[in-house]
Amino acid sequence: MTFKELKLIAPIERAIEEKGYEHPTKIQAEAIPKVLSRKDVLGIAQTGTGKTAAFSIPIIQLIYQIDGNTSLHKPLRALIVTPTRELAIQIDENIRAYNKHTHLRHAVIFGGVKQNKQVEELKKGVQILVATPGRLLDLIDQSYINVEDLKILVLDEADRMLDMGFIHDIRKLLKIIPKKRQTLFFSATMPDDIIALSKNMLHKPERVEVARKSSVVDTIRQRVYYTNKEDKVQLLHHILQSLKKERILVFSRTKHGADKLVKKLKKLGHEADAIHGNKSQNKRQSTLKNFKNKTIKILVATDIAARGIDIKLLKFVINFDIPNLPETYVHRIGRSGRAGEEGMAISISEPEENVFVKEIEKLTKKKIEVIQDHPFPQTTKPMTAAEKKEWNKEKQRKKKEFFENRRNNKEKRGKKKGR
Ligand code: AMP
């Protein structure tokens, strides 16, 4: 399948070419024609599949065909509702790229920052608006957004939206916007409450399904290091040293844990920063920017903050803890190896988490490669003080042996090269 076959208008084709995309991803190939023929779409797909372009590109084309780019009056035509600020910003960035030569007016609004700048944008007229639910309803209430001429509604990451408690906001929104509209509904999973919501919102939808939440793309290599709780930071340090030049996204279960880990990593000489819900919106954005432009190499993130983070060519994701929900693991490692690129997911498991690794393997139906050869191997049963002392001695010995072997191997390789 080529983009040519999707019958896109020339300015959009040009923008896609400039973005460097050669072929549409599966969801794009399936969804774009359906959206262009004005069908409602039920998309079961997670981020990383190219779903943003799958809805953004045909939306730009439809609006361009309705309004052209010359009309002075620019009513709101498409509304894209997404659960997190990071996702909203990312979708808007995508739209900016695909809209480069169509010049439709678009904007993004989200909470946690002052509304003035967003209101200024809205006043200029916006045809495509990306929004998080709270700020959207707030600005509709204040009459800064007029939804009368709306033609298309996109509900993105519907399952996350419900998890985050936005169901009332969505219901409220549905009461305000025109009943006669095209609706595109995207969710990574389809639990009962999501099926019910989709039935309520969609009219004879066409279903498009790509890579369920339980599937890990084959381009991501998975590894697990079994270790002890108290050795995790040292083991992470050891792994990071071997990945020196790379950018790495490290997951932490808690916000507090993320901050603590950043402190420890900094002490060990790594450039690291954390991103989570307790950081201000501006701080989160500047951290993300620093990570994207490689000013910082290591980003420690919680699950909610990381959802939707899309970083070009992110190869490494490290699970500093193993999530107790295997689906969370699938989401986490989906941050690497995006749209066919190669990725590597490394997990660090302490004894209590071993069972989660098994659950992940069961869900994904894939074995995770166990790395045995490292200086901090796991001890399984609780130890007495004497055993612990003995164990520590043994550990020091193994550690020494490991580094000696590595040095010897390096020397051998060096000699070979020199020959
Ligand atoms: P998404 O699932 O929308 O978050 O997209 C994941 C990543 O894939 C983004 O970095 C996109 O820029 C990229 N992408 C989307 N469509 C294509 C394509 N057809 N070819 C290559 N990369 C793509």
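The shown structure was predicted, so the numbers you read here are calculated from the model rather than taken from an experiment. (Residues numbered from 1 in each chain as written. Predicted model: local features only at pLDDT ≥ 70, side-chain atom pairs only at ≥ 80, totals over all residues. Heavy atoms only, no water.)

1. Focus on helix 6 (residues 133–141)
Alright, step 1. Inspection of helix 6 places Pro 133, Arg 135, Leu 136, Leu 137, Leu 139 and Ile 140 among the buried residues, and these make up the whole buried set.
Alright, step 2. For helix 6, the secondary structure elements touched by its buried residues are strand 2 (78–81), strand 3 (106–109), helix 5 (116–123), strand 4 (128–131), helix 7 (158–163) and helix 8 (167–176). (Buried < 20%, exposed > 50% of the residue type's maximum accessible area, 1.4 Å probe, protein only. Helix = DSSP H or I, 4+ residues; strand = E, 2+ residues; numbered from the N terminus. Contact = heavy atoms within 4.5 Å.)

2. Observations regarding the sheet that holds strand 5 (residues 152–155)
Alright, step 1. Pairing in this open sheet of seven strands is parallel, and the strands run 3-4-2-5-6-1-7 from one edge to the other. Looking along the sheet, the strands with just one partner apiece sit at the ends: strand 3 and strand 7 (206–209). Taking the axes of each pair of neighbouring strands and ignoring which way they run, one obtains an average angle of 15° across the sheet.
Alright, step 2. The sheet contact formed by strand 1 (residues 41–44) and strand 6 (residues 182–187) spans four bridges and is parallel. Across the sheet, Val 41 pairs through a bridge with Leu 184, a residue of strand 6.
Alright, step 3. Sitting on the sheet, helix 4 (residues 85–98) is in contact with strand 2, strand 3 and strand 4, with an inclination near 170° to strand 3. (Pairing = 2+ DSSP bridges. Axes fitted to C-alpha atoms, helices over the stretch in contact; angles between N-to-C directions.)

3. Things to note about the packing of helix 10 (residues 232–242) against helix 11 (residues 255–267)
Alright, step 1. One way to put it is that helix 10 packs onto helix 11 with a least axis distance of 11 Å and a crossing angle of 60°. If you check the angle between helix 10 and helix 11, you find them oblique. The way helix 10 lies across helix 11 gives a crossing that is right-handed. On helix 11, the residues touching Val 233, Leu 236 and Leu 240 of helix 10 are Leu 261, Lys 264 and Leu 265.
Alright, step 2. For the contact of helix 10 with helix 11, the class distribution of residues is five nonpolar, no polar and one charged. (Parallel < 35°, antiparallel > 145°, perpendicular 65-115°, else oblique. Left-handed = near helix turned anticlockwise from the far one by under 90°. Nonpolar A, V, L, I, M, F, W, Y, C, P; charged D, E, K, R; others polar.)

4. Digging into the domain arrangement of the chain
Alright, step 1. What the domain assignment reports for the chain is domain 1 (3–209) and domain 2 (220–370).
Alright, step 2. The distance between the C-alpha centroids of domain 1 and domain 2 comes to 29 Å. (Domains from an automatic or database assignment.)

5. A word on the nonpolar core
Alright, step 1. Residues Leu 8, Ile 59, Ile 128 and Leu 184 are the most contacted members of the largest nonpolar core, which totals 39 residues.
Alright, step 2. Those elements that provide at least two residues to this core are helix 1 (10–19), helix 2 (26–36), helix 3 (51–67), strand 2, helix 4, strand 4, strand 5 and strand 6.
Alright, step 3. For this core, the element with the most residues is helix 3, which contributes eight residues.
Alright, step 4. For Ile 128, the residues in contact, after removing those within four places along its chain, are Ile 59, Ile 60, Ile 63, Leu 76, Ala 78, Ile 80, Ile 95, Leu 104, Arg 105, His 106 and Ala 107. (Core = buried A, V, L, I, M, F, W, Y, C linked by side-chain atoms within 4.5 Å.)

6. Some thoughts on helix 3
Alright, step 1. With 17 residues, helix 3 extends 24 Å between its outermost C-alpha atoms, agreeing within 8% with the 24 Å of an ideal straight helix rising 1.5 Å per residue.
Alright, step 2. In terms of residue burial, helix 3 counts as a mostly covered element, since 14 of its 17 residues are buried.
Alright, step 3. Taken from the residues just after helix 3, Gly 68 is the one with a positive phi, measuring 65°. (Expected span 1.5 Å × (residues − 1).)

7. A short note on the pattern of salt bridges
Alright, step 1. Throughout the structure, instances matching the rule amount to 22 salt bridges.
Alright, step 2. Residues Glu 121 and Arg 105 are paired through a salt bridge, measuring 3.5 Å at the closest nitrogen-oxygen approach. Pair noted here: Glu 121 is in helix 5 and Arg 105 is in the loop between helix 4 and strand 3, with a separation of 16 residues, a long-range link.
Alright, step 3. The residue Lys 232 makes a salt bridge to Glu 353 at a minimum N-O spacing of 2.8 Å. Here Lys 232, found in helix 10, pairs with Glu 353, found in the loop between strand 13 (343–349) and helix 15 (354–364); they are 121 residues apart in sequence, far enough to count as distant. Neither Lys 232 nor Glu 353 differs from the other in exposure class; each is buried.
Alright, step 4. Each of Lys 229, Lys 232, Arg 253, Glu 350 and Glu 353 takes part in salt bridges that share partners, so that together they form one network. (Salt bridge = Lys/Arg side-chain N within 4 Å of Asp/Glu carboxyl O.)

8. Considering the pairing of strand 3
Alright, step 1. Side chains His 106 and Val 108 project from strand 3 onto one buried face, and the interleaved Ala 107 and Ile 109 project onto a second face that is buried too.
Alright, step 2. Pairing geometry for strand 3 and strand 4, over four bridges, is parallel. Paired with His 106 across the two strands is Ile 128, which belongs to strand 4.

9. Concerning the sheet that holds strand 10 (residues 272–275)
Alright, step 1. Read from one edge to the other, the open sheet built from seven strands follows the order 10-11-9-12-13-8-14, with strand pairing classed as parallel. Of all strands in the sheet, those with a lone pairing partner are strand 10 and strand 14 (369–370), marking the two edges.
Alright, step 2. Against the sheet, helix 10 engages strand 8 (220–226), strand 9 (248–251), strand 11 (298–301), strand 12 (316–319) and strand 13, with an angle of about 160° to strand 13.
Alright, step 3. This element, helix 11, spans strand 9, strand 10 and strand 11 of the sheet and lies at about 175° to strand 10.

10. Regarding the environment of Asp 156
Alright, step 1. As for its position among the elements, Asp 156 is in the loop between strand 5 and helix 7.
Alright, step 2. The exposure class assigned to Asp 156 is buried, which follows from its relative accessible area of 1%.
Alright, step 3. In this structure, the C-alpha to C-alpha distance between Asp 156 and Lys 244, residues 88 residues apart in sequence, is 36 Å.
Alright, step 4. If near-sequence neighbours (up to four positions away) are discounted, Asp 156 is found in contact with Lys 51, Phe 55, Val 81, Thr 82, Pro 83, Leu 87, Ile 91, Met 161 and Phe 186.
Alright, step 5. Of the polar contacts made by the side chain of Asp 156, one reaches the side chain of Lys 51; its length is 2.6 Å.
Alright, step 6. A polar contact is formed between the side chain of Asp 156 and the side chain of Thr 82, at a distance of 3.1 Å. (Polar contact = N/O pair within 3.5 Å; in protein donor to acceptor, adjacent residues only side chain to side chain.)

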